[in-house]
Amino acid sequence: MKLPTFPVEGGCQCGAVRYRLKAAPLGIYACHCKDCQRFSGTTHTLSMVVNATDAEVIAGALAGFDKAADSGRTVRMLGCAQCGTKIWNEPLASPHILVMKPGTLDDMGWAQPVGNIWTDRAQSWTHIDPGVPNFPGQPGDRQPLFDAFAAELAKG
Ligand SMILES: [Zn+2]
Ligand SMILES: [Zn+2]
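Just so we're clear, the structure is a prediction, and the values are computed from it rather than from any experiment.

Tetrahedral coordination by four donors places them ideally at 109.5 degrees to one another around the metal; octahedral coordination by six donors ideally gives 90 or 180 degrees. Within the protein, Cys 31 (SG), Cys 33 (SG) and Cys 36 (SG) serve as the donor atoms for the zinc ion (ligand 2), at 2.1 to 2.3 Å. In the primary sequence, the donor residues of the zinc ion (ligand 2) line up as C-x1-C-x2-C. For Cys 31, a relative accessible area of 5% translates into the label buried. By relative accessible area, Cys 33 is classed as buried at 6%.

What follows is the structure, encoded as structure tokens:
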């Protein structure tokens, strides 16, 4: 995996919200929880964990709501108030990070997931690579996923 030159930008479907990511993420993985199935309308979403200080909204404003995640933790889901595109969420238990939706990047070609979480909620017909870090639920610690991401980066 080869990272782009930062900063990079992204935004919502209608164009009202634009954001900037100023540095590399800590990790990218797929989440198969029911919440992600519901809000994406499909089998899973990608979660791209970034340092909260590395992300900034540069146009429009994020709106959202607080919800109890499948993990039992409270997550602030934020997206465009006009078109509803989810941009990122703030896990209130971990205020130093944001969990971005990398599909909102203008170019997500580099944003390859390195593992899966909530695999016990995944559909039987979803392909999950058994050779990557996989977790049946919410991992207590994301470090194995971050380590796998760093290993992919090291391969270039
Ligand atoms: Zn929008
Ligand atoms: Zn999820």
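Looking at the secondary structure, you find Arg 142 in the loop between strand E10 (116–117) and helix H2 (143–155). It turns out Arg 142 is buried and unbridged, and the closest side chain with the opposite charge, Asp 141, is 7.5 Å from it. Among the polar contacts made by the side chain of Arg 142, one reaches the side chain of Tyr 29 at a distance of 3.0 Å. Arg 142 has contacts with Tyr 29, Val 49, Pro 91, Ser 94, Ile 97 and Val 99, leaving out every residue within four places of it along the chain.

Pairing is mixed in the open sheet, where seven strands are placed in the order E6-E7-E8-E9-E4-E3-E10. Among the strands making up the open sheet, the edge pair consists of strand E6 (62–68) and E10. As paired elements, strand E4 (residues 45–51) and strand E9 (residues 97–100) share four bridges and run antiparallel to each other. By the bridge assignment, Val 49 is partnered in E9 with Val 99. Packing against the sheet, H2 makes contact with strand E3 (27–31), E4 and E10, and its axis sits at approximately 120° to E3.

Here the zinc ion (ligand 1) is held by the protein donor atoms Cys 12 (SG), Cys 14 (SG), Cys 80 (SG) and Cys 83 (SG), which lie 2.3 to 2.4 Å from it. Coordination geometry of the zinc ion (ligand 1): the four donor atoms subtend angles of 106 to 113° at the metal centre, consistent with an arrangement described as tetrahedral. Site description for the zinc ion (ligand 1): donor spacing in sequence, C-x1-C-x65-C-x2-C.

Here E9 shows no split at all, with Ile 97 and Val 99 on one side and Leu 98 and Met 100 on the other all buried. Direction of pairing for strand E8 (residues 86–91) relative to E9: antiparallel, over a ladder of two bridges. Across the sheet, residue Asn 89 finds its bridge partner in E9, namely Val 99. Between E8 and E9, which follow one another and run antiparallel, lie five residues.

Conventions used here
- Residues numbered from 1 in each chain as written.
- Chains lettered and ligands numbered in written order.
- Predicted model: local features only at pLDDT ≥ 70, side-chain atom pairs only at ≥ 80, totals over all residues.
- Heavy atoms only, no water.
- Donors = N, O, S within 2.8 Å, 3.2 Å for Na, K, Ca; no water.
- Buried < 20%, exposed > 50% of the residue type's maximum accessible area, 1.4 Å probe, protein only.
- Helix = DSSP H or I, 4+ residues; strand = E, 2+ residues; numbered from the N terminus.
- Lys, Arg positive; Asp, Glu negative; His and termini not counted.
- Salt bridge = Lys/Arg side-chain N within 4 Å of Asp/Glu carboxyl O.
- Polar contact = N/O pair within 3.5 Å; in protein donor to acceptor, adjacent residues only side chain to side chain.
- Contact = heavy atoms within 4.5 Å.
- Pairing = 2+ DSSP bridges.
- Axes fitted to C-alpha atoms, helices over the stretch in contact; angles between N-to-C directions.
- Tetrahedral: all angles 85-135°; square planar, octahedral: opposite > 155°, others 65-115°.

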